[in-house]
Amino acid sequence: MWLMKYVDFLWALDLLYRFYPRYHANELLVLADDILKWFNNELPTDSSAFIYLKKYFNSPEQALHAVWKEIQLIMGPYINLN
């Protein structure tokens, strides 16, 4: 189940990267990128992003779940194009 949500999460980030204006200027999406790095063990333990994420989330999965809900709201108009 987590694998599918992870794949959906990656797909959503790719979609937003292509079509969402100023993708990297949005704080939520920068946070999502940091969570992906944390999830893949690519985030150095001495980085400020790692310290911030550990302060507010118990695990990468919990952080991924929290941000995924917000990303789905942003993606809505791009998924349901007429």
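Throughout, residues of each chain are indexed from 1 in the direction in which the sequence is written. Reporting in this predicted model follows two pLDDT cut-offs: at least 70 for local features of residues, and 80 or more for side-chain atom pairs to be given and counted; totals over whole chains, interfaces and linings ignore these cut-offs and use all residues. Here the side-chain values reflect all heavy atoms present in the structure, with hydrogen atoms and water set aside.

## Here's the deal with the overall build of the protein chain
Part 1 of the reasoning: Across its full length, the protein chain carries four helices and zero strands.
Part 2 of the reasoning: Each helix corresponds to a stretch of at least 4 residues labelled H or I by DSSP, and each strand to a stretch of at least 2 residues labelled E; elements are numbered beginning at the N terminus. Overall, the protein chain shows an N-to-C arrangement of helices and strands of α-α-α-α.
Part 3 of the reasoning: Buried means the residue's accessible area, taken with a 1.4 Å probe over protein chains only, is under 20% of the maximum for its type, while exposed means over 50%, and partly exposed covers the values in between. Within the span of the protein chain, comprising 82 residues, buried residues form 37% of the whole.
Part 4 of the reasoning: In this analysis, two residues are considered to be in contact whenever any of their non-hydrogen atoms come within 4.5 Å of each other. Contacts in the protein chain between residues at least 24 apart in sequence constitute 55% of all its contacts with a sequence separation of at least 6.
Part 5 of the reasoning: Looking at the protein chain as shown, the accessible area adds up to about 5700 Å², and 57% of this sits on carbon and sulfur atoms. Only the protein chains shown count as cover for residues, and the accessible areas themselves come from Shrake-Rupley with a 1.4 Å probe.

## Re the nonpolar core
Part 1 of the reasoning: In terms of nonpolar packing, the biggest core is built from 24 residues, with Phe9, Leu13, Trp38, Val67 and Ile71 touching the most fellow members.
Part 2 of the reasoning: Secondary-structure elements contributing two or more residues to this core are α1 (2–19), α2 (27–39), α3 (48–56) and α4 (60–79).
Part 3 of the reasoning: No other element matches α4, which puts seven residues into this core.
Part 4 of the reasoning: Setting aside anything within four residues of it in sequence, one finds isoleucine 71 in contact with Phe9, Ala12, Leu13, Leu16, Leu28, Leu29 and Ala32. Buried Ala, Val, Leu, Ile, Met, Phe, Trp, Tyr and Cys residues that are joined via side-chain atoms within 4.5 Å together make up what is termed a nonpolar core.

## Examining the environment of tyrosine 17
Part 1 of the reasoning: Along the chain, the position of tyrosine 17 falls in helix α1.
Part 2 of the reasoning: Note: C-alpha distance between tyrosine 17 and leucine 29 (twelve residues apart in sequence) is 9.2 Å.

## Remarks on unusual backbone geometry
Trans is the common state for peptide bonds, and a negative phi is the common state for residues other than glycine.
Part 1 of the reasoning: Phi is positive for asparagine 41, close to 55°, though the residue is something other than glycine.
Part 2 of the reasoning: Mapping asparagine 41 onto the fold places it in the loop between α2 and α3.

## Re the side chain of serine 47
Part 1 of the reasoning: Among the structural elements, serine 47 can be located in the loop between α2 and α3.
Part 2 of the reasoning: A distance of 2.9 Å separates the side chain of serine 47 from the backbone oxygen of proline 44, its partner in a polar contact.
Part 3 of the reasoning: N or O atoms closer than or at 3.5 Å make up a polar contact, with two conditions inside protein: a donor-capable atom paired with an acceptor-capable one, and, for residues adjacent in sequence, both atoms drawn from side chains. Within the structure, serine 47 has its side chain in polar contact with the backbone nitrogen of phenylalanine 50 (distance 3.2 Å).

## Comments concerning the confidence of the model for the protein chain
Part 1 of the reasoning: In this model, the protein chain carries an average pLDDT of 79, and 79% of its residues clear a pLDDT of 70 or more.
Part 2 of the reasoning: Per-residue pLDDT, averaged within each element of the protein chain, yields its smallest value for α1 (71) and its largest for α3 (93). Per-residue confidence from the predictor is given as pLDDT, running between 0 and 100.

## Points about the packing of aromatic side chains
Part 1 of the reasoning: Stacked, tilted and edge-to-face are the three classes assigned to paired rings of Phe, Tyr and Trp, where Trp is represented by its six-membered ring and a pair needs centres within 6.5 Å; plane angles under 30 degrees give stacked, over 60 edge-to-face, the rest tilted. The final tally for this structure, using the stated rule, is two aromatic pairs.
Part 2 of the reasoning: A centroid spacing of 6.2 Å and a plane angle of 90° characterise the contact between tryptophan 38 and phenylalanine 50, whose relative ring orientation is edge-to-face. Of this pair, tryptophan 38 sits in helix α2 while phenylalanine 50 sits in helix α3; the two residues are twelve residues apart in sequence, bridging distant segments of the chain. The burial state of tryptophan 38 is the same as that of phenylalanine 50; both residues are buried.
Part 3 of the reasoning: Geometrically, the ring pair formed by tyrosine 52 and tyrosine 56 is tilted, given 4.9 Å between the ring centres and 55° between the ring planes. Residue tyrosine 52 and its partner tyrosine 56 are located together in helix α3, separated by four residues, close to a single helical turn.

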